[in-house]
Structures are given as C-alpha cells and as structure tokens.
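Residue-level structure breakdown
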Number of protein chains: 2
Amino acid sequence: MARPPRSPLAPARFPDLPVIAGARFATAAAGVRYRDRTDVMLALLDPGSVVAGAFTRSATRSANVLDCQAKIGADGAEGAAFLVNSGNSNAFTGKAGEGSVQALCAALADRTGLPAARVFTASTGVIGERLPHDRIIARIDALVADLSDTRLAAAAEAIMTTDTFPKGAGAEIEIGGQAVRIAGIAKGSGMIAPDMATMLVYIFTDAQIARPDLQAMVQELNDRSFNNITVDSDTSTSDTLLVAATGRSGVDVSGHVGFRDALFGVMLDLAHQVVRDGEGATKFVTVSVTGAASEGDARTHALSIANSPLVKTAIAGEDPNWGRIVMAVGKSGAAADRDRLSIRFGDVLVAENGWVSPGYREEWGAAHMKQPEIDIHVDLGLGDGQATVWTCDLTHGYISINADYRS
Amino acid sequence: MARPPRSPLAPARFPDLPVIAGARFATAAAGVRYRDRTDVMLALLDPGSVVAGAFTRSATRSANVLDCQAKIGADGAEGAAFLVNSGNSNAFTGKAGEGSVQALCAALADRTGLPAARVFTASTGVIGERLPHDRIIARIDALVADLSDTRLAAAAEAIMTTDTFPKGAGAEIEIGGQAVRIAGIAKGSGMIAPDMATMLVYIFTDAQIARPDLQAMVQELNDRSFNNITVDSDTSTSDTLLVAATGRSGVDVSGHVGFRDALFGVMLDLAHQVVRDGEGATKFVTVSVTGAASEGDARTHALSIANSPLVKTAIAGEDPNWGRIVMAVGKSGAAADRDRLSIRFGDVLVAENGWVSPGYREEWGAAHMKQPEIDIHVDLGLGDGQATVWTCDLTHGYISINADYRS
C-alpha cells in the first residue's frame, strides 16, 4: 500500500525502547485488508501481570471496546494477551462484530491456555465491514511461535493505518537502586476518523503495582494526556488505551511519584506524537489556559480554541489572528470577562484588558506564527483554573485526505 | 474591493420585497474600511413601532450587542432606528468600543429626535480595530435625507462583508381580508467568522402586535431557524437579529398562526441563504434527526453531525461515508443505541439495526451525494424527539478563505 509522506512534525526516528521482562510481542501479515505489510500484533503478558485501561465514551463504540470494558475491572493472575488488527475496525457490524470478538478470544485462549476473559482485542480500519477474523485466527499459531521481548517496534508498525510514522516512547527510572522500565506504542492520525485512524495505545512496564492502583493512575494521567489532544474534534468508536504491568522488576511502585511521572511522560510523548501525525498537520500547537474560574472551565476554553476551525485555519495561514481566539473563548460557554482577558503568542503579549495590547506589534505575532511549534496562552483573570491541550492546524492537506481519497 | 465569486448555491436573484409602511431605509458610503461601495445602512421606524430581538450568547460579545440587549426589553412608542456598518466589527475594542456606540446613538438621536435608547446599532467586519465612528456620523445627515421605503434591497448590499450575494426574503398574507407584509434582509457567510462574517438579520412588518408577544414569537422561531444553522461551529461576537413591527397595516396578528408561519418562513429562508453563502460551500445539507429521547437530544445529535469535520469533508468529496455519521452520533453525548439506529441519504436506507442495511447498494448513496442538496436523516429509535439543522460542506475553498487571505 502506498503510504502518505511522513509528517513534517514527525520525530527524527523511532526511539530505542527498553525491554520489559514478562512482555513478549509478535506481528503477522494476515491480509485483513492490506497487502504486503503486517496487520496483526500480539502482546503476551506473563502470569502475575495486571492490566488497566481507558476507552472511548462513544455511544456507538465497537464490539471490541465493549468486550474490553467488560473485562478490564477483573483481577487475574493468569497473565493476559492483547490481540490487535489494522485494516478493519469491526465497528458498526452488529451482532456479527460480537461474534468476531468471541471467536478471536476463544482461538487465542485455546492456543495459549489463557482464559478468554484475559484476552483483550482491538480492531482499527474501515468501519461497517464484517471482520474476516478467520484470517487472523489462521495466523495465531505463527504469532505465538514468534513471540519475542524485542519486537515492540515491529508491533508499532503493524497497528498503523493512515499513520505516517510509527509511534513509540519509553522510560527507565531507578527506585531504591533498582531499575523500572516503561515502553509504549500508539497509533492515531486524526482525532479520530472511524475509517482509518482510530487511536490505540499499548504501554508495558515491569513495575509491580496492584491493579486498582494502576487503574486509578491510568485514568488520572489519561485525563491530562490523551484526553487533552484533538486533531479535528471527532471521536473514534474504537479508542483504546491499555497499560500492563508485569511486576518482573520486583519493584513495588504504588504511591511512587517518580514512577507516576515517568508513566505520564511516556503517555504525553505518545499523545504528542499522535498530534504530530494529525491529518494534514504542519504546526504543533500548545494551547494553555490559566486564570479560569475552575479547572473544568480552563479545559472547556482550551478545547474551544483548539477545536475552532477558524483558529486552526489562521494557524495554517501563519496569521496571528488573535480575534479568533477571543471568539473561541466567547463561544465556549465557560465563564469569561472580556475586559480581564489576556492573550499571548509565545512570549508576545497580544491582547489585554479587553483590547489589543498597546505595545503589541503585529510583526511579533507573525514571527511566532512562522515557527513549526505554536504556543497560545490565554489568561482569564478570574481564578486558579488551568489546563493545557495540544492540537495541530487545519490545512488543505486535511481536506485532501478526508474529502478526496475515497470518492 | 474585489468580491469573491457568487456561491454556486445562491438563489437566482434577489427577491422582490414588499414595501413595509412605516419603515424607511437609506445607505451611504462612509469609507469605514471599504472603498467604492456602500457600508452603512439606516432603517427608521415610525412612531408606534415595536422591536424584538435575539443576540449572540458569546461571552466576548461586542459593545453594540451589549447596548442592544440593554435596550431591547423596553416598550417605546417613539419609533426606532437601526444603524449598521460593515468593515469594522467594533468587537474587542475595550472602552473605546462603548464610546463609539454612544457617539453613534447620540448623533442619530440628535438628528432624528428619537431618544438614544431607541437607536439600535450593529457593526460587522474586522475585529479589534477602533471603529472610526466619525466617518459614519459625518454621513448621518445624508442618510436621513435619503430615507425611502423602497431601499431595503440597497440596505442588504450595504451590510455585506465576505458575503457573495445579498440576502432578502419577504411574505404577504391576508388576515380578515387585509394584507400584512413581512420583508427581511440578512448577511452572513461562515457561522460566523468574527473577522468579516458576522450574521446580522433585520426583518420588518406592518403587522400590529404587542412587543412582548413579538419578542416571544421571535425567540421561539429563532430557535428553529437561525439557531439551527451552522457553517463551521464558530460563533460570532456580534450576531444580531432585530424584528420591527410598525403596526401600519392596522391588522392585529397576536396569536395568529398564519402570521407566525409567514414570519417563520421569512426567517428560515434567510437562514438558509446564510448557509448557501457558507465559506467555500458547494453543498446545502439538511440534517434531520427523529426518534431521539428528547428534542434536546435530537438537536445535539443533529449539530454533532452537522459540525463534524469528517462528515463535512466526506460530503465535499461526494462520499456516502455513513460510518462518519455513526461516529458523530456516538460522540455527541446524547442518548443513542447502536442497534436501533437507522440512517438514510435522501430516500435511500443506508444502515439499520446496528449495521449496513442488507439491501443497500453504495451506488445509490453515491448518486444522492452528487446532488447539490443533500438530505441526511437519522432515526434513533428511542423516542419522539426530533430536530432539523442546516449546514454546508467543508472544502478547500473554506481553507483558502480562512487560511490564505490575510497572511
């Protein structure tokens, strides 16, 4: 399949990821939809691993997501497996979709000895077409035979759809003189087209932690990373984040701030990579809001700015159009006072006290807009609420990818 | 000023509007920003007229809107005036903006004998620049001298900014053998860029009606017309709808369904014309939702579909991509059950029971998408809630207009 050109915002190269003891990976070319590339990945976690996760809140979520949600809250010491295919999302496929998930879980359980309740599946790709799960099941023997703790980078390739680069991030920290490792992969490009660009994230660590503690940590960090990125305000039917802790480092990280920070760093890195691969993106945009009446209000304002087509097209045009920021704050529905509002592009104070700043010169704003990384900062002057979200610009490239490719 | 080409969705011509006794109009070229065109319109309503209105809910609304909102609830038998300029929105101009509004109202009151409290202003155009109100005041004598009841079409031209065609609609009905007339104009293109495309609507009738009754009617009908259109989900700092009833027909229309229907017809016609002039639009799209758990849920689903960049780009590409409709319903936050959902493109049943309809053939959906007018119908199968909204597609033209024109 011809791949689109690599995003201009992509990192220079895929990172070296640490090996996670107790986690092994394999990939296969099952021909679900694509030819001449891998399209299935299997992750197998050793007994003693715990799994936490977060999922799309869409009311039309896929059969895979519903199945994962039913399983995620259970403790289980038998280990676990993640089985993911690209090319077909198995979303909006009615009862047939549920049958596909059950067939995949049963086949993998049969081959590995795991209970089916410990198999977590995900599918990403075209919506509304029956998943040819037999093609995946036919590759399970080969997948299990190929499992290796060094194949995580290959797994990042196998789950890509419209992504222009594979996404990975890792961390290694010391706790009491012992090493704890984290390694994760993600896919997503567009937040998030149900056709081809669902966001999937898998993170592995050898830390030792109780499942409820990991679940609470994942939910909290997810709200400050993956839930604060937006490419086009559209939400997938299949978004899935799974974090597995094998415990094999022997280091108990419950309540350890250093581990929490390292995990957050990996999640934020992967979240930013999804934005950097946003469909048609030419600018990576950080929108930070401070001084809001509450944290919720700050997030509402930040997302209103980040999702505004007029703000995003202005950025695409390298136009320091602060009037559109004012508009987006005004329409958000959260508290704002025109005369207390201030706006900065990077270090440049653009507007304050309900008007353009007296010292502002448009060439300063224009210079900031020419950078590949744009910082928009809005202070509401009302309270202590703050939030940061990340997005990209809205370009002709986005229209071409989404309007021109199928018809 | 070079005008963009007329929208392909524009009506064939500006309609013949009925003359409204008691309402006179004038236009002038004040050079607020544009050269070689009119940019100010004055409407003068005779004593006995009542005025009702609706305004943007933006927290950063313009000084003009705040002034109109303070005045709209008052009864006043002295008549009224609407003074509107294009080229400068007087929005986010701090205390200076309030001063401009006061200066304009005082000057017009002085020249017409009206109290300043009966002068309603609006400004539309570039945001954040001080309004050169002296240029408008310098034209007030000429405006008042030129007032005529036949100049409403000229007024529709004077308030245009990025509009590609002037917008007008009228109606004439008989009540008890007597004629009642309605005539309105609107501007707007993009819903709604604060730079150049704020929506303004002025409607005049010779009907006789108490101000509170007219206000209630306008609010109700506004929620089913102008509040149900969207071009890009962005909301203006300046949106204004004013309806004036001069009473000069001598026909009391309070509680008269025929008048209400005629007024609704004029409002809906103008609302649709704003969508037909949406920035870059090539398709006029009606999204109707039925079977929702409530009317509010139906509107939430309809707006989620109409505002989705992925739905709008699919329509631009004439792609019958019903998976994106499923996605937009799923993300809206309102109640939905995947397995009860059905989707139609025009008369074509596309999806039902949580999957593609067994009889659906993609060429049928593709044929509907090739029309200039697209009908998307979603039934939730949950209750009696229904709503209809109108939008346009998202094209390269939108990106060009909003990303390329200023930088």
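Residues numbered from 1 in each chain as written. Chains lettered and ligands numbered in written order. Predicted model: local features only at pLDDT ≥ 70, side-chain atom pairs only at ≥ 80, totals over all residues.

Looking at the overall build of chain A
Each helix and strand in chain A was counted, giving twelve helices and 16 strands. For 407 residues, the compact-globule formula gives about 22 Å, and the C-alpha radius of gyration of chain A, at 22 Å, lands near that figure. Principal-axis analysis of the C-alpha atoms gives chain A an extent of 70 × 55 × 35 Å. The buried share of chain A, reckoned over its 407 residues, is 61%. Once local pairs closer than 6 in sequence are excluded, the contacts in chain A between residues at least 24 apart make up 81%. (Helix = DSSP H or I, 4+ residues; strand = E, 2+ residues; numbered from the N terminus. Rg over C-alpha atoms; globule rule 2.2 N^0.38 Å. Buried ≥ 20, exposed ≤ 12 C-beta atoms within 10 Å, placed from the backbone. Contact = placed C-beta atoms within 7 Å.)

A word on the interface of chain B and chain A
Of the residues lining the interface, 50 residues belong to chain B; the matching set on chain A comes to 51 residues. Secondary structure elements with two or more residues in the side of chain B that touches chain A: helix H9 (309-316), helix H10 (322-331), strand S14 (355-356) and helix H12 (396-403) of chain B. In terms of residue count, H10(B) provides more of the side of chain B that touches chain A than any other element does, seven residues in total. Partitioned by chemical class, the residues of the side of chain B that touches chain A number 18 nonpolar, 20 polar and twelve charged. (Nonpolar A, V, L, I, M, F, W, Y, C, P; charged D, E, K, R; others polar.)

Considerations on the domain arrangement of chain A
Residues and elements named next belong to chain A. Parsing chain A into structural domains produces domain 1 (23-276) and domain 2 (284-404). Between domain 1 and domain 2, the C-alpha centre-to-centre distance is 33 Å. Counting from both sides, the interface comprises nine residues of domain 1 and, opposite them, nine residues of domain 2. Elements represented by at least two residues in the side of domain 1 that touches domain 2 include exactly strand S9 (229-230) and helix H7 (257-276). Looking at the side of domain 1 that touches domain 2 residue by residue, the classes come out as four nonpolar, four polar and one charged. (Domains from an automatic or database assignment.)

Notes on the pairing of strand S13 (residues 348-352) of chain B
All names here are of chain B. Counted residue by residue, S13 has four buried out of five residues, so it is predominantly covered. Joining the antiparallel neighbours strand S12 (residues 342-345) and S13 is a turn of two residues, in which Gly346 adopts a positive phi near 60°. In terms of strand pairing, S13 meets S14 through two bridges, oriented antiparallel. Paired with Ala351 across the bridge in S14 is Val356. Linking S13 back to S14 in an antiparallel pair, the connection comprises two residues, with Asn353 at a positive phi of about 55°. (Pairing = 2+ DSSP bridges.)

A short note on unusual backbone geometry
At A:Asn353, a position not held by glycine, the phi torsion is positive, near 55°. Structurally, A:Asn353 can be placed in the loop between strand S13 (348-352) and strand S14 (355-356). A:Asn353 gets classed as partly exposed once you count the C-beta atoms within 10 Å, which come to 15. Even without a glycine there, the phi angle at B:Asp36 is positive, about 60°.

Comments concerning the packing of helix H1 (residues 63-71) of chain A against helix H2 (residues 94-112) of chain A
Residue and element names in this part refer to chain A. Relative orientation of the contacting elements H1 and H2 amounts to 55°, with a least axis distance of 8 Å. Taken together, the axis directions place H1 and H2 in an arrangement best described as oblique. In the packing of H1 onto H2, the handedness of the crossing is right-handed. The segment H1 lies against H2, with Ala63, Asn64 and Asp67 engaging Gly97, Glu98, Ser100 and Val101. Across the contact of H1 with H2, the residue classes break down as two nonpolar, three polar and two charged. (Axes fitted to C-alpha atoms, helices over the stretch in contact; angles between N-to-C directions. Parallel < 35°, antiparallel > 145°, perpendicular 65-115°, else oblique. Left-handed = near helix turned anticlockwise from the far one by under 90°.)

Comments concerning the relation of the copies chain B and chain A
When chain B is fitted onto chain A, the two copies agree to an RMSD of 0.0 Å after a turn of 180° and an axial shift of 0.0 Å. Both copies of the chain, as the preceding transformation shows, are related through a two-fold rotation axis. Residues of chain B ranked by C-alpha distance from the rotation axis are headed by B:His396, positioned 2.9 Å from it. The fraction of interface residues of chain B whose copies in chain A are also interface residues reaches 100%, indicating that both copies meet through the same surface. (Least-squares fit on C-alpha atoms with pLDDT ≥ 70 in both.)

Observations regarding helix H8 (residues 295-307) of chain B
Residue and element names in this part refer to chain B. The terminal C-alpha atoms of H8 lie 18 Å apart, and with 13 residues this matches the ideal 18 Å at 1.5 Å per residue to within 8%. Most of H8 sits out of view: eleven of its 13 residues are buried. Within H8 the residues assigned to the buried category are Asp297, Ala298, Arg299, Thr300, His301, Ala302, Leu303, Ser304, Ile305, Ala306 and Asn307. The inward-facing, buried residues of H8 abut strand S9 (229-230), strand S11 (284-292), H9, H10, strand S15 (373-379) and strand S16 (385-392). (Expected span 1.5 Å × (residues − 1).)

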